[in-house]
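# Reading the structure
This is what each chain is made of:
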Amino acid sequence: MTYVELTKKDGFVLLTINRPEALNALNEQVLDDLDEALGMIDEDTRCLVVTGAGTKAFVAGADISVMRTQDRTEAKRFGKKGSEVFRKLEMLPIPVIAAVNGFALGGGFELALACDIRIASQNASFAFPEVTLGITPGFGGTQRIVRLVGPGAGKELLYTARRVKSEEALRLGIVNRVVPQETLLDEVFAMAASIAKNAPIAVRAAKRSVNTGVLCGMDEALAIELENYSNCYETQDQVNAMTAFVSKQEPKPFENK
Ligand code: CAA
């Protein structure tokens, strides 16, 4: 892969979009590499961290020099590719944390929105500049932002292209936490490690319940939760963890069984 690096850590994987000379802008190759990298996440991985190379940008959007010459047919194909890759990321069975280390603009904001959790550095900023370029977001941004912050706040960001700094992003609920840039990866790694030590079957079930349930009415959503909840029973990890608790023993590490 030319523009995406995968680094295996203890129980989780770090995925870095690595095109700093263009502030990690998403061209076809970056999207293809991202797609390939997501396909390489194996069953043992318990959490994924996504970040951008360098200290300036997470991802500064889709590549404008590529989009500039596209006609409608090409734009549709490019949009479909970005949209499908981001959906693949969103639908990974494991939690995904975006470590937003700088500009998250356009497609970069959309990439962060496709992750489960966003932690931002103090210098991070978020915007949808698309309407200043004569287009709309095309990689899922219009749909994910309004589901995250509600239609009122989301539409304001989409229509004005206003750039939101990390502290405001925290207030709006776009990010979970804001930390100094120097400690961003350490803090995100600590969160990834704390997820990785929990029962993998249960963590995945929780993600499935949220991702599926959020799109349904309450009764259907509760039925989905009930299925995912009850399916955790009779797993070795559930039996061992509850047995350890009631017998006041140190719990064994979870085995994903
Ligand atoms: N596409 C292509 N190249 C980009 C880029 C992008 N989205 N963002 C930055 N770059 C390139 C610049 O062209 C520049 O390259 P050169 O050194 O070869 O000139 C390099 O990255 C560094 O960028 P700047 O010199 O512009 O850095 P800066 O600090 O002055 O400004 C910035 C930083 C404010 C992020 C500015 O680069 C910028 O506004 N970038 C574009 C942001 C944007 O509009 N993104 C949305 C794209 S639309 C989209 O994403 C559509 C979609 O949903 C499908």
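Criteria and cut-off values
- Residues numbered from 1 in each chain as written.
- Predicted model: local features only at pLDDT ≥ 70, side-chain atom pairs only at ≥ 80, totals over all residues.
- Heavy atoms only, no water.
- Helix = DSSP H or I, 4+ residues; strand = E, 2+ residues; numbered from the N terminus.
- Expected span 1.5 Å × (residues − 1).
- Buried < 20%, exposed > 50% of the residue type's maximum accessible area, 1.4 Å probe, protein only.
- Arc of directions from axis to C-beta.
- Contact = heavy atoms within 4.5 Å.
- Pairing = 2+ DSSP bridges.
- Polar contact = N/O pair within 3.5 Å; in protein donor to acceptor, adjacent residues only side chain to side chain.
- Salt bridge = Lys/Arg side-chain N within 4 Å of Asp/Glu carboxyl O.
- Axes fitted to C-alpha atoms, helices over the stretch in contact; angles between N-to-C directions.

### Regarding helix H10 (residues 218–230)
- For H10, which comprises 13 residues, the first-to-last C-alpha distance of 18 Å matches the rise-based estimate of 18 Å (1.5 Å per residue) to within 8%.
- For H10, the set of buried residues is Ala 221, Ile 224 and Asn 228. Projected onto a plane normal to the axis of H10, the buried residues spread over an arc of 60° and lie on a single side. Residues of H10 that are exposed and angled more than 90 degrees away from the buried face: Asp 219 and Leu 226.
- Buried residues along H10 sit against helix H9 (200–213).

### Overview of the sheet that holds strand E9 (residues 164–165)
- One open sheet holds the 4 strands; their spatial order is E4-E6-E8-E9, and the pairing between them is mixed. Sheet topology places strand E4 (57–59) and E9 at the edges, where each strand pairs with a single neighbour.
- The pairing of E4 with strand E6 (residues 103–105) spans 2 bridges and is parallel. By the bridge assignment for E6, Val 59 is matched with Ala 104.

### Remarks on the side chain of Asn 24
- For Asn 24, the position within the fold is in the loop between strand E2 (13–17) and helix H1 (28–39).
- Residue classification places Asn 24 among the buried residues on the basis of a relative accessible area of 0%.
- One polar contact links the side chain of Asn 24 to the main-chain carbonyl oxygen of Ala 53, over a distance of 3.0 Å.
- Sequence-distant contacts of Asn 24, defined by excluding residues within four places in its chain, comprise Ile 17, Asn 18, Arg 19, Gly 52, Ala 53, Ala 57, Phe 58 and Val 59.

### Examining the pattern of salt bridges
- The full count for this structure, using the stated rule, is 15 salt bridges.
- Ionic pairing is found between Glu 43 and Arg 204, a salt bridge with its closest N-O pair at 3.6 Å. In this pair, Glu 43 sits in the loop between H1 and strand E3 (48–52) while Arg 204 sits in helix H9, placing the two residues 161 residues apart along the sequence.
- Given the relative accessible area of 49%, Glu 43 is considered partly exposed.
- A residue is classified by how much of its surface remains accessible, and Arg 204, at 13% relative accessible area, is buried.
- Measuring nitrogen to oxygen at the nearest pair gives 2.9 Å for the salt bridge that ties Asp 116 to Lys 207. Placement of Asp 116 in the loop between helix H4 (107–113) and strand E7 (117–121) and of Lys 207 in helix H9 is noted, with a sequence separation of 91 residues between them.
- Under the relative-accessibility criterion, Asp 116 is labelled partly exposed at 30%.

### Let's talk about the sheet that holds E7
- Spatially, the 6 strands line up as an open sheet ordered E1-E2-E3-E5-E7-E10, and their pairing is mixed. If you trace the sheet from one side to the other, it starts and ends with strand E1 (4–8) and strand E10 (177–179), each paired once. Across the sheet, the axes of successive neighbouring strands diverge by a mean angle of 20°, strand direction being ignored.
- Where E3 and strand E5 (residues 96–100) come together, 4 bridges link them in parallel fashion. Along E5, the bridge assignment pairs Val 50 with Ala 98.

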